[in-house]
Amino acid sequence: MQVVLDTNILIGTLITKGTPPDRLYRAWLRGVIELVTSTAQLAEIADVLANRRSPMVR
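(A) Spotlight on the environment of Val 4. Topologically, Val 4 is positioned in the loop between strand E1 (2–3) and helix H1 (7–15). Judged by its relative accessible area of 63%, Val 4 falls in the exposed class. Spatially, the C-alpha atom of Val 4 lies 5.1 Å from that of Val 36, the residues being 32 residues apart in sequence.

(B) Local environment of the nonpolar core. By size, the foremost hydrophobic cluster in this structure holds eight residues: Val 3, Leu 5, Leu 10, Ile 11, Ala 27, Ile 33, Ile 45 and Val 48. Only H1 and helix H3 (39–50) provide two or more residues apiece to this core.

(C) Layout of H3. With 12 residues, H3 extends 16 Å between its outermost C-alpha atoms, agreeing within 8% with the 16 Å of an ideal straight helix rising 1.5 Å per residue. Gln 41, Ile 45 and Val 48 are the residues of H3 that are buried. Within H3, the buried residues cover an arc of 65° as seen down the axis, which keeps them to one side. More than 90 degrees from the buried face of H3, the exposed residues found are Thr 39, Ala 40, Asp 47 and Ala 50. In this structure, the buried side of H3 is in contact with H1.

(D) Region of the structure containing H1. Within the span of H1, buried status applies to Thr 7, Leu 10, Ile 11, Gly 12 and Thr 13. The inward-facing, buried residues of H1 abut helix H2 (20–29), strand E2 (34–35) and H3. In this structure Asp 6 caps H1, since a side-chain oxygen of it lies 2.8 Å from the backbone nitrogen of Asn 8.

Definitions and limits used
- Residue numbers restart at each chain and count upward from 1, following the sequence in its written direction.
- Where local features are concerned, this predicted model is filtered to residues with pLDDT of at least 70; where side-chain atom pairs are given and counted, the filter is 80 or more; whole-chain, interface and lining totals use all residues.
- Hydrogens and water are ignored here; the side-chain numbers use all heavy atoms of the structure.
- Each helix is a run of H or I in the DSSP string that is no shorter than four residues. Each strand is a run of E no shorter than two, and both are numbered from the N terminus.
- Note on exposure labels: buried denotes an accessible area under 20% of the residue type's maximum, exposed denotes more than 50%, and partly exposed covers the range between, all computed with a 1.4 Å probe on protein chains only.
- Note on terminology: a nonpolar core comprises buried Ala, Val, Leu, Ile, Met, Phe, Trp, Tyr and Cys residues joined through side-chain atoms within 4.5 Å.
- Here a helix's expected span is defined as the number of its residues, less one, multiplied by 1.5 Å.
- Taking the helix axis as origin, the arc is that swept by the directions to the C-beta atoms.
- By definition in these notes, contact holds between two residues if any of their heavy atoms fall within 4.5 Å.
- We call two N or O atoms a polar contact when they sit within 3.5 Å, provided that within protein one can donate a hydrogen and the other can accept it, with sequence-adjacent residues counted only if both atoms are side-chain atoms.

Laid out in structure tokens, this is it:
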């Protein structure tokens, strides 16, 4: 199954454990789902992670 996740959900998988985003991440690691993304989304993720004022980065 192919899955497209919102940028906030993708980032949430990196900082939370045991939540629905984390369960999706673990399903991807097990090969249960295939994550689908775009270069635009990858650029957005890089921008969010690089932004020190972002609430997602502490």
